[in-house]
Amino acid sequence: MAHDNIEIADGVDHQVAMVMDLNKCIGCQTCTVACKTLWTEREGTEYMYWNNVETRPGKGYPRNWEQKGGGWESEEHTQRTPGEIPSSEDYGEAWEFDHEGILKEGEDKKLAPEGGKPEWGPNWDEDQGAGEHPNSYYFYLPRICNHCTHPSCVEACPRQAVYKREEDGVVLVDQDRCRGYRYCVEGCPYKKIYYNAVSKNSEKCVFCYPRIEGEGPDDEVHPPACADQCVTQLRLVGYLDDTDGPIYKLVEQYEVALPLHPEYQTTPNVYYIPPFAPPQHSRDGETVDAERIPRSYLEQLFGDRVNDALETIERERQKVERGGYSELMEILQDTNPAEQYRLEVFDDV
Amino acid sequence: MTDRSTWTFVALAALLVVVAGAMPLLADARPAYEIPSPTVEDDLDGTDASGWEDVPAAEVPLESAPSGLPNAEMVSTRSVEVQAARSDGEVYLRMQWQDEEASESASAPQAFADAVAVQIPADPGVQPAIAMGSQSNLVNVWYWNADTGTEELLAGGQGSTTEFEDASVQTWAEHTGSGEDGTWTVVFNRPVDPAGDNRTAITGGEDLDIAFGVWDGGNAERSGHKAVSEWYYLPLAGDSGGPPFESILWAIAGIAIVAVVVVTIQGIRRVRTGGGE
Ligand code: SF4
Ligand code: SF4
């Protein structure tokens, strides 16, 4: 196998992976809507965002998800960390609007959520961030299921209804086996499995498997909708063990693409290029030599390795500034879809 | 005292001891794990159908099932009162347990519904593993959930439940009172011998092993996180023939009574014939 030096789950042939460059995210939620339109417009899925984009620092979606437990105690993957199921309030209920009444029946009221003033919802704290003027800061963090190598959601299910697909490591919920017990919901530390109170089953991001398999009406392979629709094309999609591909290079070779919260020990397969921000300014607008996004905050999200990653990127950037060549900078700026989405490399194997 | 009268006195005393020892057991003649299952003519269709008044109840203690699931040891329900009855080709079970508040919907991420289940062996001849049987020894599960209703399931080990296609089990359920007095009453009913593979035939001739489980939705109990009983049984092995334990007790009592009568008569006779002092 090509992945001798890469950690891939037992019994999985190839592992799908995604790299998101946080420096390119403008928080437009086009990915969120792409996924919502494609997968979660059914009854019972109204409150679900398999793809969400949250402002950081911020409470995220569902609210305070990082404090809700789940994942593994250690890299031995023997003991799971207990987790909790977020409340409806933490997710934010899907608001109802009386379009009918106002637009068709001419009712004299404001177009606002029915049933009282909402107090929380997905993306409620958008652009709030942290820091004091003139050095306030924030960035956007798009999140999907990480299709983890050690998925604690799979382990949590007493019915083996959640499983990791052999061909590409996509983590799926078998809707026939699921009985809505929600141990997966509490077991996932990223809170990326959702309970559908209408079907009484749990659901999650499917990595758009029909699209990557070319099972759509046009029989063509397509990247996942959230990646495909992304306005700034910040996502790379392919296989972690495709050693010629950009994902392998960013994750394994340059080590500049990092998993979110590696301490949860699920070994995610969605990776992030950490965000850079302009340096801080003095009160009279002079640039000062201090990082705007506190390094400690990035360490909280991406672990200690974020320091090396940022350093590597900085070094390569300077190389280019001096007129030199950097493969890393080429990859990070590449807009060639054949490289950005390498989903057919193992097809004829 | 003559030798004879001494012998008589000793024998009498010994027998009285035996009888006295057996009395408390005789007073509650039902063996520990038996759920009486009388045949009832009156209506049993419903949580307070009139027929239930004459059916004796067994108090079945419950404990947390050893599932290994998070919080598995924390269960709310300590016991369930079970009544069983047969009526014209039908089997009925009525179960009642204390639950302060009914949890009847699973329509929010954190909401779980109350539920109850009855487990019987698919093949009444062999007692399966208590935790949902095994692949080689299946169980039938009659399941009722306050949110989703009734299911008739087949299982061969934990996490293996599958639904029978056309459920032959029907239920009636009601929650009454609140707080300390809050009570769920659920009645299960099934024909004794419905068609279909692996459906337990409850045709009598042998006792039927039976176990019970209760889930408190308000305590997020679901799956293997539940309060369960040990194996109990319905005494169906023939109307007069009970299980050996019961028969032995009755035999001891019988012998004791006969012996007391015989010895007493002998003693009286001897007194009359002047054998005494
Ligand atoms: S992110 Fe959560 S739901 Fe997705 S595979 Fe990992 S543990 Fe499972
Ligand atoms: S991969 Fe597909 S299903 Fe998953 S978040 Fe993106 S659009 Fe949604």
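Residues numbered from 1 in each chain as written. Chains lettered and ligands numbered in written order. Predicted model: local features only at pLDDT ≥ 70, side-chain atom pairs only at ≥ 80, totals over all residues. Heavy atoms only, no water.

**What to know about the packing of aromatic side chains**
The criterion, for reference: Only the six-membered ring of Trp is used, alongside the rings of Phe and Tyr, when aromatic pairs are assigned; centres must lie within 6.5 Å, and planes under 30 degrees apart are stacked while those over 60 apart are edge-to-face, with the rest tilted. By the criteria applied, helices consist of DSSP H or I runs no shorter than four residues and strands consist of E runs no shorter than two, each listed in order from the N terminus. For the exposure calls, accessible area comes from a 1.4 Å probe over protein chains only, and a residue counts as buried if that area is under 20% of its type's maximum, exposed if over 50%, partly exposed in between. Charge-over-ring contacts are defined here by two conditions on Lys NZ or Arg CZ: a distance within 6 Å of the ring centre and an angle within 35 degrees of the ring normal.
Under the counting rule described, the total for this entry stands at 21 aromatic pairs over all chains. Pairing Tyr47 of chain A with Tyr91 of chain A gives two aromatic rings, centres 4.8 Å apart and planes at 70°, and the pair type is edge-to-face. In this pair, Tyr47 of chain A is assigned in the loop between helix H1 (30-39) and strand S2 (52-56) and Tyr91 of chain A in helix H2 (residues 88-91), connecting sequence segments 44 residues apart. With respect to class, Tyr47 of chain A is no different from Tyr91 of chain A; both count as buried. Ring geometry for Trp142 of chain B against Phe188 of chain B: centres 6.3 Å apart, planes inclined by 45°, an arrangement best described as tilted. Here Phe188 of chain B lies in strand S10 (residues 183-191) and Trp142 of chain B lies in strand S6 (residues 139-145), a separation of 46 residues in the sequence. Summarising the burial analysis for this pair, Trp142 of chain B and Phe188 of chain B share the class buried. Positioned over the ring face of Phe164 of chain B is Arg199 of chain B, at 4.6 Å from the centre of the ring.

**Points about the interface of chain A and chain B**
Going by this rule: Note on contacts: a residue pair qualifies if any of its non-hydrogen atoms lie within 4.5 Å across the two residues. Each of two parts loses accessible area, computed with a 1.4 Å probe, when they are put together; buried area is these two losses added. A pairing counts as a salt bridge when a side-chain nitrogen of Lys or Arg comes within 4 Å of a carboxyl oxygen of Asp or Glu. In the analysis that follows, any N or O atom pair within 3.5 Å is treated as a polar contact, provided that within protein one partner can donate a hydrogen and the other can accept it, and provided that, for residues neighboring in sequence, both atoms belong to side chains.
Each partner contributes to the interface: chain A provides 19 residues, whereas chain B provides 20 residues. Together, the buried faces of chain A and chain B total about 1600 Å²; carbon and sulfur atoms form 48% of this surface. If you look at where chain A meets chain B, you find three salt bridges. Between Glu186 of chain A and Arg222 of chain B there is a salt bridge; the shortest N-O distance is 3.2 Å. Where chain A meets chain B, there are twelve residue pairs in polar contact (both at pLDDT 80 or more). Elements represented by at least two residues in the side of chain A that touches chain B include exactly H2 and helix H5 (183-187) of chain A.

**Here we look at the pattern of salt bridges**
Residues and elements named next belong to chain A. Following the criterion strictly, the structure yields 26 salt bridges over all chains and no others. For Asp242, the salt bridge is made with Arg342, and the minimal N-O distance between the two is 2.7 Å. With a gap of 100 residues between them, Asp242 in the loop between strand S8 (235-239) and helix H8 (246-253) and Arg342 in the segment after helix H12 (337-340) connect regions that are remote in the sequence. Owing to a relative accessible area of 6%, Asp242 belongs among the buried residues under this scheme. Overall, the relative accessible area of 15% leaves Arg342 in the buried class.

**As for the packing of helix H9 (residues 295-302) of chain A against helix H10 (residues 305-321) of chain A**
Describing two packed helices takes the angle between their axes plus the distance from one axis to the other. Residues and elements named next belong to chain A. Stated formally: Every axis in this analysis is a line fitted to C-alpha atoms, fitted for helices over the stretch in contact. Angles between the N-to-C directions lie between 0 and 180 degrees. When an angle is under 35 degrees it counts as roughly parallel; over 145 it counts as roughly antiparallel; between 65 and 115 it counts as roughly perpendicular; any other value is oblique. Think of it as three bins: nonpolar holds Ala, Val, Leu, Ile, Met, Phe, Trp, Tyr, Cys and Pro, charged holds Asp, Glu, Lys and Arg, and polar takes everything else, Gly as well.
In contact at an axis separation of 8 Å, H9 and H10 are set at 115° when each is read in the N-to-C sense. Judged on the interaxial angle alone, H10 and H9 are roughly perpendicular. Residue-level contacts link Arg295, Leu298, Glu299 and Phe302 of H9 to Val306, Asn307 and Leu310 of H10. Across the contact of H9 with H10, the residue classes tally to four nonpolar, one polar and two charged.

**Topic: the nonpolar core**
For clarity, the threshold we go by: We call a set of buried residues a nonpolar core when its members are Ala, Val, Leu, Ile, Met, Phe, Trp, Tyr or Cys and they connect through side-chain atoms within 4.5 Å of each other.
Met18, Val19, Leu250 and Phe302 of chain A are the most contacted members of the largest nonpolar core, which totals 88 residues. Here this core takes five residues from strand S1 (residues 16-21) of chain A, the largest share from any one element.

**Section: the UniProt feature "domain: Cytochrome c-552/DMSO reductase-like haem-binding" (unreviewed entry) in chain B**
For clarity, the cut-off: UniProt positions are given in the numbering used here, feature names are shortened, and annotations may be inferred rather than shown by experiment.
As annotated in UniProt, the feature "domain: Cytochrome c-552/DMSO reductase-like haem-binding" (unreviewed entry) corresponds to residues 49-227 of chain B in the numbering used here. The span residues 49-227 of chain B carries 0% helix and 40% strand; its end-to-end C-alpha distance comes to 27 Å.

**Brief notes about the site of ligand 1**
Heads up, the condition is: One heavy atom within 4 Å of a molecule or strand is enough for the residue carrying it to be called near that molecule or strand.
What surrounds ligand 1 is the set Cys145, Asn146, His147, Cys148, Pro151, Ser152, Cys153, Val171, Cys188, Tyr190, Ile193 and Lys204 of chain A. Here the shell around ligand 1 is built from residues that sort into eight nonpolar, three polar and one charged.

**Notes on the confidence of the model for chain B**
For the record, the criterion: Every residue gets a pLDDT, meaning the predictor's confidence in that residue, from 0 to 100.
On average, residues of chain B carry a pLDDT of 87, and 83% of them reach 70 or more. Quick note on the complex model: pTM equals 0.87, ipTM equals 0.91.

**Quick notes on the site of ligand 2**
Residues and elements named next belong to chain A. For ligand 2, the full set of nearby residues is Cys35, Trp39, Trp50, Asn51, Ile144, Cys205, Val206, Phe207, Cys208, Pro224, Ala225 and Cys226. Those elements that provide at least two residues to the shell around ligand 2 are H1 and helix H7 (225-228). Each residue belonging to the shell around ligand 2 can be placed in one class, and the counts come to eleven nonpolar, one polar and no charged.

**Here's the deal with the sheet that holds strand S9 (residues 258-259) of chain A**
All names here are of chain A. The following threshold applies: Pairing between strands is defined by DSSP: at least two bridges between the two strands are required.
Taken together, the four strands give an open sheet; going across it, the order is S8-S1-S10-S9, and neighbouring strands pair in mixed fashion. Whereas interior strands pair on both sides, the edge strands pair on one side only; in this sheet they are S8 and S9. Inspection of the sheet shows S1 paired to S8 by five bridges, in the antiparallel sense. Residue pairing in the sheet places Ala17 in a bridge with Gly238 of S8.

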